[in-house]
Amino acid sequence: MYDVVVIGQGLTGMLSAIWTKEEGASVAIISQGTGRILQSTGVMDILPGTEGTMNDLIRKYQIKGWNSLLVEGGIDRFKTLMVQLGNPYQGSIEQPVEIVTGSGFLKSTALYPTTVSPIPHKGHVVVVGFQEITDFQPSYVAENLASERPELTIDHFSISLEQRSHRTMTQLDAARLLEQKEVRNQVIQRLKDKMKESSIHKSDLVILPSVLGVIGWESVWKDFKNQLDTTITEAVGMPPNATAIRLHEQLHRETTRLGVRQYLNSKVVGSKQGKQTIESVMVRNANHTIEIKGTSFVLATGGILGGGMEKMASSITETTLGLEVDQEGNLINPYDNLYLVGASQGLRVTSHGITGGIFSILSSYETVIKNNYRQPLGGEQHDKLTRHQL
Ligand SMILES: Cc1cc2nc3c(=O)[nH]c(=O)nc-3n(C[C@H](O)[C@H](O)[C@H](O)COP(=O)(O)OP(=O)(O)OC[C@H]3O[C@@H](n4cnc5c(N)ncnc54)[C@H](O)[C@@H]3O)c2cc1C
């Protein structure tokens, strides 16, 4: 019997498991797959694809009870976690910034890793691609960026990684290659030679595809930045983005380090329900079906995109626990010990497409704080935030 059973291993499920475990609860995470985080860019948007603010998000998703303490507490806790995991995130929800994507168009985001920098309005930019990576075309990126930021001057070119591969190389392959110091130094030298040959003496920003290493990102980023003596940014876009893989690997390692019991490649296929509580879930893997009991359950199954809901011609089905939901995916009968986080809250929170990282962070944090699992919450911020205030 666990204090808390988290279902789903996307951004929402992993944050819920990590933070609940940090509160002293015994936690299990059950997941069929890895979640959409691997297809994302790894930057935390408020309302993806829009310039929406926190107020817009709260209004659009009809969120009650997200006061400023909860919002600040959740963002602080995420940023603190990412510092501890060696991948600090910059930015704020008050002042979203514009970053460049792998297509050259800009997107608005709130929190981003150190390897990503906001795009200035003026100055000289160099877009660098790699001949082996076909889904990042510097000329295309430069053309689109010029349409977004007409006052920038932009150069672009490609260099070779000079590494053999038996298949088309992805940005992730390049990220792993560039973690090797020797490869990295040769690539940086080639880049400098090409700039010299093209009479580019100085730039304010160098844009690269998302290739600046995975676990060893800091050395890769520092070497590019210091040896080129300029600001560097990864242009996040087509998956797999190193930024997203980095985030996923770090969160996954942290759940393991903290001792969260992991049931991976395991599908929740039903639940035993009391009058107003979930008592246990039935979990099927390749070999058998087992019953896992818990005091509380966190449903982080990602809604329609994550597989936690199915949309039929005129109805929605909740596929994991067999919950009764209305046509919008809203729970009809709430359970005292069941918490719906992230996109599992139904169509209301995915009405504009996908829920962003900020919603995942804050809904996970809200659940952990509200639940007040086993031990008094630690830290100044958390002491101020009581269940009563929510
Ligand atoms: C292509 C794409 C790009 C994105 N890009 C961005 C971006 O740039 N910035 C941004 O802020 N956000 C982005 N997002 C959204 C962001 O990743 C969301 O925060 C996320 O999709 C929602 O996370 P989640 O954890 O709620 O669900 P998911 O990531 O969908 O995770 C659901 C989890 O539940 C598991 N699951 C489902 N059913 C069961 C079951 N029956 N039993 C066991 N496990 C089950 C799944 O295997 C998975 O692990 C993107 C999303 C997509 C799809």
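Residues numbered from 1 in each chain as written. Predicted model: local features only at pLDDT ≥ 70, side-chain atom pairs only at ≥ 80, totals over all residues. Heavy atoms only, no water.

### Some words on the overall build of the protein
Inference 1: Helix and strand content of the protein: 11 helices and 17 strands.
Inference 2: For a compact globule of 390 residues, the expected C-alpha radius of gyration is about 21 Å, and the protein comes in at 22 Å, within 12% of that figure.
Inference 3: Across its three principal directions, the C-alpha atoms of the protein cover 75 × 50 × 45 Å.
Inference 4: Looking at the 390 residues of the protein, the share that counts as buried comes to 54%.
Inference 5: Once local pairs closer than 6 in sequence are excluded, the contacts in the protein between residues at least 24 apart make up 68%.
Inference 6: Between the centroid of the 37 positive side chains of the protein and the centroid of its 40 negative side chains there is a distance of 4 Å. (Helix = DSSP H or I, 4+ residues; strand = E, 2+ residues; numbered from the N terminus. Rg over C-alpha atoms; globule rule 2.2 N^0.38 Å. Buried < 20%, exposed > 50% of the residue type's maximum accessible area, 1.4 Å probe, protein only. Contact = heavy atoms within 4.5 Å. Lys, Arg positive; Asp, Glu negative; His and termini not counted. Charge placed at Lys NZ, Arg CZ, Asp CG, Glu CD.)

### Points about the pattern of salt bridges
Inference 1: This structure, assessed with the given rule, holds 17 salt bridges.
Inference 2: We note a salt bridge from arginine 149 to glutamate 98, for which the minimum N-O separation is 3.1 Å. Residue arginine 149 is found in the loop between helix H4 (138-148) and strand E8 (152-159), and its partner glutamate 98 is found in strand E4 (residues 97-100); the two are separated by 51 residues along the sequence.
Inference 3: When salt bridges with common partners are traced through the structure, they connect Glu22, Glu23 and Arg77 into a single cluster. (Salt bridge = Lys/Arg side-chain N within 4 Å of Asp/Glu carboxyl O.)

### Looking at the domain arrangement of the protein
Inference 1: Assigned domains within the protein: domain 1 (2-89 + 246-389) and domain 2 (117-235).
Inference 2: A straight line from the C-alpha centre of domain 1 to that of domain 2 covers 35 Å.
Inference 3: Contacts between the two partners involve seven residues from domain 1 and, on the opposite side, seven residues from domain 2.
Inference 4: When domain 1 packs against domain 2, the two sides together hide about 570 Å² of surface, and 46% of this comes from carbon and sulfur.
Inference 5: Note that arginine 246 is salt-bridged to glutamate 234, the shortest N-O span being 3.2 Å.
Inference 6: Across the contact surface, domain 1 and domain 2 share five residue pairs in polar contact (both at pLDDT 80 or more).
Inference 7: In terms of residue class, the side of domain 1 that touches domain 2 is built from one nonpolar, three polar and three charged. (Domains from an automatic or database assignment. Buried area = accessible area lost by both parts, 1.4 Å probe. Polar contact = N/O pair within 3.5 Å; in protein donor to acceptor, adjacent residues only side chain to side chain. Nonpolar A, V, L, I, M, F, W, Y, C, P; charged D, E, K, R; others polar.)

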